Amino acid sequence: MRTLETRYAQALLELTGDEEGLRAGGSLLTGDPALWKALNNPCVPGKEKDRVLCRLLEGKVSRELFSFFRLLCRRERLSLLPAVQRRYHQLKLEREGGALAVYRCARQPDPADLARLGDTLKKRHGLSRIEFQVMLDPQLLGGFVLQLKGVTYDKSVRGMLRDLRRSLKERE
């Protein structure tokens with residue numbers, strides 16, 4: 001079953017390819033923490049939220065995106081906006097023959113290393129483009145864990161130690 005974020009992102013992607021407009025409109029809404037909190041507060045009447053959306057977004061985003069933001073507001077689902085934006089980006093990237101790779105590592109990676117890794121992964125998976133989402137995880141000790149299209153590559157020190165322990169136990 002698809003998540004609600006995925007359904008919204010797919011519908012929006014079929015409607016418009018304006019990712020920059022989605023990002024800009026989302027930034028207007030989420031950029032001010034007090035405004036974002038008010039827009040997600042169930043105690044604030046829906047009509048008031050809609051008026052705020054209209055003042056903020058009208059003329060600044062496309063008609064389709066304007067309707068989309070109002071729909072989320074009407075259905076009390078504005079809190080899903082950041083997740084919808086992330087999923088929209090992933091779906092658009094996949095549609096263009098690319099993919100998002102989640103790269104967990106202990107320290108910030110060298111951009112040249114990521115570029116070489118990206119070239120290798122593009123060839124292996126037949127992709128035109130790979131975007132890396134780098135997540136720092138000091139518990140890895142060193143190396144990296146990469147997730148791409150349902151495949152996990154564990155080249156971390158922690159993973160290697162775990163594999164070594166497993167193989168030593170199997171020999172006993």
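Preceding this section is the structure that the text describes.
Residues numbered from 1 in each chain as written. Predicted model: local features only at pLDDT ≥ 70, side-chain atom pairs only at ≥ 80, totals over all residues. Heavy atoms only, no water.

A. Spotlight on the overall build of the chain. What the chain contains, in helices and strands, is 8 helices and 4 strands. Along the chain, helices (α) and strands (β) appear in the sequence α-α-α-α-α-α-β-α-β-β-β-α when read from the amino end. What you see for the chain is a C-alpha radius of gyration of 21 Å, clearly larger than the 16 Å of a compact globule of 172 residues, by over 25%. Principal-axis analysis of the C-alpha atoms places the extent of the chain at approximately 70 × 35 × 35 Å. Split into buried and exposed, the 172 residues of the chain put 36% on the buried side. (Helix = DSSP H or I, 4+ residues; strand = E, 2+ residues; numbered from the N terminus. Rg over C-alpha atoms; globule rule 2.2 N^0.38 Å. Buried < 20%, exposed > 50% of the residue type's maximum accessible area, 1.4 Å probe, protein only.)

B. Quick peek at the environment of Gly-46. Following the sequence through the fold, Gly-46 ends up in helix α4 (residues 46-57). Assessed through its relative accessible area of 34%, Gly-46 is described here as partly exposed. Through-space distance from the C-alpha of Gly-46 to that of Cys-73 is 7.3 Å; in sequence the pair is 27 residues apart.

C. Structural view of the pairing of strand β4 (residues 151-154). Direction of pairing for strand β3 (residues 144-148) relative to β4: antiparallel, over a ladder of 4 bridges. The residue of β4 that forms the bridge with Gln-147 is Thr-152. Joining the antiparallel neighbours β3 and β4 is a turn of 2 residues, in which Lys-149 adopts a positive phi near 50°. (Pairing = 2+ DSSP bridges.)

D. Region of the structure containing α4. For α4, which comprises 12 residues, the first-to-last C-alpha distance of 16 Å matches the rise-based estimate of 16 Å (1.5 Å per residue) to within 8%. Buried within α4 we find Lys-49, Asp-50, Leu-53, Cys-54 and Leu-57. One face of α4 carries all of its buried residues, which in axial projection span an arc of 140°. Exposed residues on α4 whose side chains face more than 90 degrees from its buried face are Lys-47 and Arg-55. Considering only its buried residues, α4 is in contact with α2 (19-30), α3 (33-39) and α5 (63-74). Gly-59 occupies a position one or two residues after α4 and carries a positive phi of about 85°. (Expected span 1.5 Å × (residues − 1). Arc of directions from axis to C-beta. Contact = heavy atoms within 4.5 Å.)

E. View of the packing of α2 against helix α6 (residues 81-95). Where α2 meets α6, the axes come as close as 11 Å, and the angle between the chain directions of the two elements is 165°. By the criterion of interaxial angle, the relationship of α2 to α6 is roughly antiparallel. Between α2 and α6 the crossing geometry is left-handed. Of the residues in α6, those in contact with Glu-19, Leu-22, Arg-23, Gly-26 and Leu-29 of α2 are Leu-81, Gln-85, Tyr-88, His-89 and Lys-92. For the contact of α2 with α6, the per-class residue count stands at 4 nonpolar, 3 polar and 3 charged. (Axes fitted to C-alpha atoms, helices over the stretch in contact; angles between N-to-C directions. Parallel < 35°, antiparallel > 145°, perpendicular 65-115°, else oblique. Left-handed = near helix turned anticlockwise from the far one by under 90°. Nonpolar A, V, L, I, M, F, W, Y, C, P; charged D, E, K, R; others polar.)

That is the geometry; function is a separate question.
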